[in-house]
Amino acid sequence: MALFHFSVTQVRRSAGQSVIASAAYRAGEKLYSEYYGETNDYTRKGGVIHTEIFLPPHAPDIYLDRATLWNAVEKSEKHPKAQLAYSFDIALQSELTMEENISLAREFVQTNFVAKGMIADLAVHAPDKEGGLSLDDCERYHKQLQPLLEDVDYDFLEVSSPGLDRPVKTLRDFEKNRDALVEVKLFAPQMGSKLHQGLLKMMDDDTVTIEADGESLTFERKAVAIIKPVIILDDEDFAEDAALDDSTFTDVEFE
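Described below are features of the structure shown in this document. (Residues numbered from 1 in each chain as written. Predicted model: local features only at pLDDT ≥ 70, side-chain atom pairs only at ≥ 80, totals over all residues. Heavy atoms only, no water.)

Per the secondary structure count, the chain includes six helices and 13 strands. Residues classed as buried in the chain amount to 47% of the 255 residues present. Considering only contacts within the chain whose residues lie at least 6 apart along the sequence, 70% involve residues at least 24 apart. Split by element, the accessible area of the chain, about 13500 Å² in all, is 49% carbon and sulfur. (Helix = DSSP H or I, 4+ residues; strand = E, 2+ residues; numbered from the N terminus. Buried < 20%, exposed > 50% of the residue type's maximum accessible area, 1.4 Å probe, protein only. Contact = heavy atoms within 4.5 Å. Areas by Shrake-Rupley, 256 points an atom, 1.4 Å probe, with all protein chains shown as cover.)

Right, let's get into the sheet that holds strand β8 (residues 181-190). The strand order across the open sheet built from five strands is β11-β10-β9-β8-β12, with neighbouring strands paired in antiparallel fashion. What marks the edges here is a single partner per strand, and that holds for β11 (215-220) and β12 (224-229). Sheet twist, expressed as the average angle between the axes of neighbouring strands with direction ignored, equals 40 degrees. The sheet contact formed by β8 and β12 spans five bridges and is antiparallel. Looking across to β12, one finds that Lys 185 is bridged to Ile 226. (Pairing = 2+ DSSP bridges. Axes fitted to C-alpha atoms, helices over the stretch in contact; angles between N-to-C directions.)

Take unusual backbone geometry next. Even without a glycine there, the phi angle at Asp 179 is positive, about 70 degrees. As for its position among the elements, Asp 179 is in the loop between α5 (171-177) and β8. Positive phi, close to 55 degrees, is recorded for Met 191, a residue that is not glycine. Examined against the element boundaries, Met 191 turns out to sit in the loop between β8 and β9 (193-203).

A cluster of like positive charges, contributed by Arg 12, Arg 166, Lys 169, Arg 172 and Lys 176, occupies part of the molecular surface. As for its position among the elements, Lys 176 is in helix α5. According to the relative accessible area criterion, Lys 176 is exposed, its value standing at 62%. (Patch = residues over 30% accessible without salt bridge, like charges linked within 9 Å, V, L, I, M, F, W, Y side chains within 5 Å. Salt bridge = Lys/Arg side-chain N within 4 Å of Asp/Glu carboxyl O. Lys, Arg positive; Asp, Glu negative; His and termini not counted. Charge placed at Lys NZ, Arg CZ, Asp CG, Glu CD.)

Purely spatial values, then, with no claim about function.
In structure tokens form, the structure reads like this:
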């Protein structure tokens, strides 16, 4: 029996999220963020089966380049709490072949977003778990999604999957990452840098504390742009990714 999964979230600057970093991870590419002045390199991540950018007729072809597209989004949104994109996370059905799943995803994006004047960035990833959508589930989530799209006014859509390095935003996230190696990115330099790495020791509504080289560093939450785990993969991890058969890839997230 296929398992139903569908969720909608936002990529928000107020949550410390970078739409360039998000796009780079999901596409498995190396992208430079003009807004943050940093390079996000996920070319060794593996597990990305298909990526594609969809443009409506009025959009210039330069936005077929992923870096150009998402840097334009970052540049167009000036507010520090800007909502940069909407994320639609949908698990496809394991009963279909990978080619059929990709075709279904492309049709869904084209019909529900591009035909209505929006740009979409699609990425199909390896699944987090077995299963997918049945035909009845597809009909159900389409009916659930349609009213949402009619009520929401936005211009860009990114399609992909969540990652291991998702930002630490809530106290629940903190508990999962307590004593883990994290990267704290600040809006403005402190102690000579915007970027600090260390073990995550404490976090509440007002402050976050890490331990770096035996020293405790505490930052005000309002000064922090993003906190995310540092993921270190060895050669065995990439070998396992390469060994996956295409028939196991049944998960896609729309963002």
